Amino acid sequence: MVGILTAVNSLENSITGNFASMGANTFNIQRYEFTAQRQSSREAQKVNPIISYSEVKAFEDTYNFPYTKTSLSFVGSGTAEVKYENKKTDPEVTILGINENYIQNSGLEISDGRELNYFDVLNNNNVCVVGSDLIKSVLSDVNPIGATISIRGAKFKVVGVLKSKGSTFGNNQDLRVFIPLQKARSLFTQPNINYSLSVKTDNKDMLDGAQDEAILTFRNIRGLTPVEENNFGIERSDDLLNRIADMTQYLYMAAWIISIITITGSSIALMNILFVSVTERTREIGVRKALGAKKKTIATQFFMEAIIIGQLGGITGIILGVSVGYLFATLAEFQFTTPWLAMFSAFTIAFIVAIVAGLMPAVKAARLDPVESLRYE
């Protein structure tokens, strides 16, 4: 139980941590909704058009809801190679073209230097912000701020380094390079590039109004009539967190069901062991009773043995469960957290199981007839 709950907890913390960093006052306009609607096999699947550069640019120019920041971005490549002098990375670096609001809207933090500003994006400056793993790969021997790296033959001066974010499902978020949007568009010219839009409000209370205005603005950009449905998706960061919480509830339920089945089997096994122990020690019980031991003393002895065995099993299970959960979190690169609730539950359940399983054998031992017990071989 502890191992399963630890693994589920690590998974939930890792995913929610990534979305929670965006804050509860952010929403995205994207090609599709976060979860696809189930459709009948006879119904043609709805295909939304990509979000083009002209559309995100038009949105940035026309969306004028107060106290909001709009970020534009696209993934230029997920398999880029970054060079610094005679060093180079493996072709696994993600290059993103962004505007000046992307880093703040995405909940990213700068550990050294600065982020891209309005003038960097406006003037298409050859500057970039890099992830922490890129420093380890090619810039470990120098001060990264001010170093010049090469991407597809273009030179970029490093002006900022991001705080480490770790990996999620094999996606290394620290092996990324952020460059001004127009610079990225000149380097990565593949057709049908899908752009991303994110809007962040200064106050969570303004989120609903900002979202309604964003939907209306984007519908107008796409020329949709009032009777037409949206051909794009919109997702709020807090909605994503709620959906993740709903999904992990099923995992928790499955873990508890498995645990209940295991606990039932363990109770029966412990009870059988104690019954065998009473049978094998019948003569010992007879000797103790002949020397004056009371029923209460005999019952207490076997009852305490059951509790000690149960607690030793519980402690061993906690150690193994936490170890398995930690190993799973490490291999999957999830954020490990100590499962205090699972550990307390395991300790309590082990205690209850010991009481239930040890009661009947203790009563049986106390009720043995001393004369018959002395004759037992």
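### Regarding the confidence of the model for the protein chain
So, step 1. Model confidence for the protein chain is summarised by a mean pLDDT of 81, while 82% of its residues fall at 70 or above.
So, step 2. Under a pLDDT of 50 for its full length, residues 36-43 has, in the predicted model, 3 contacts with residues more than four places off or in other chains.

### Quick notes on unusual backbone geometry
So, step 1. Backbone geometry places N124, a non-glycine residue, at a positive phi of 55°.
So, step 2. Its location among the elements puts N124 in the loop between α4 (118-122) and β7 (127-130).
So, step 3. The class of N124 is partly exposed, set by a relative accessible area of 29%.
So, step 4. One non-glycine residue, R152, adopts positive backbone phi at about 55°.

### A short note on helix α7 (residues 207-222)
So, step 1. The end-to-end C-alpha distance of α7 is 22 Å, a good match for the 22 Å that 16 residues give at a rise of 1.5 Å each.
So, step 2. On its buried face, α7 is in contact with β1 (26-30), α2 (53-62), β2 (68-80), β13 (196-201) and β14 (233-236).

### Quick word on the pairing of strand β12 (residues 176-180)
So, step 1. With 5 of its 5 residues buried, β12 lies for the most part within the structure.
So, step 2. One ladder, built from 5 bridges, connects strand β5 (residues 93-98) with β12; its direction is parallel. Of the residues in β12, the one forming a bridge with I98 is P180.
So, step 3. Pairing of β7 with β12 involves 2 bridges; the strand directions are antiparallel. Directly across from V130, in β12, lies its bridge partner V177.

### Quick word on the nonpolar core
So, step 1. Ranked by size, the top nonpolar core spans 46 residues in total, and within it I149 and V177 carry the most contacts.
So, step 2. When residues of this core are assigned to their parent elements, the largest contribution, 5 residues, is made by α7.
So, step 3. Each residue touching V177, except ones within four places of it in the same chain, is listed here: V82, V93, T94, I95, L96, C128, V129, V130, L134, I149 and I151.
So, step 4. Counting 11 residues, the second-largest nonpolar core is a separate cluster that includes V129, V159, L162 and F178.

### Focus: the packing of aromatic side chains
So, step 1. The full count for this structure, using the stated rule, is 7 aromatic pairs.
So, step 2. With 4.9 Å between their ring centres and 50° between their planes, F74 and Y195 make a pair best called tilted. With a gap of 121 residues between them, F74 in strand β2 and Y195 in the loop between α6 (181-187) and β13 connect regions that are remote in the sequence.
So, step 3. Residue Y195 is classed as buried on the basis of its relative accessible area, which comes to 4%.
So, step 4. Ring centres 5.8 Å apart and planes at 40° place the aromatic pair Y102 and F178 in the tilted group. Here Y102 is found in helix α3 (residues 102-105), whereas its partner F178 is found in strand β12, with 76 residues between them in sequence.
So, step 5. On the accessibility criterion, Y102 (11% relative accessible area) is buried.
So, step 6. Within the aromatic cluster, the residues linked to one another by ring pairs are F59, Y63, F218 and F232.
So, step 7. One residue, R185, lies across the ring of Y53, its end atom 3.7 Å from the ring centre.

Analysis parameters
- Residues numbered from 1 in each chain as written.
- Predicted model: local features only at pLDDT ≥ 70, side-chain atom pairs only at ≥ 80, totals over all residues.
- Heavy atoms only, no water.
- pLDDT = per-residue confidence, 0-100.
- Contact = heavy atoms within 4.5 Å.
- Helix = DSSP H or I, 4+ residues; strand = E, 2+ residues; numbered from the N terminus.
- Buried < 20%, exposed > 50% of the residue type's maximum accessible area, 1.4 Å probe, protein only.
- Expected span 1.5 Å × (residues − 1).
- Pairing = 2+ DSSP bridges.
- Core = buried A, V, L, I, M, F, W, Y, C linked by side-chain atoms within 4.5 Å.
- Phe/Tyr/Trp six-rings, centres within 6.5 Å; stacked < 30°, edge-to-face > 60°.
- Lys NZ or Arg CZ within 6 Å of the ring centre and 35° of its normal.

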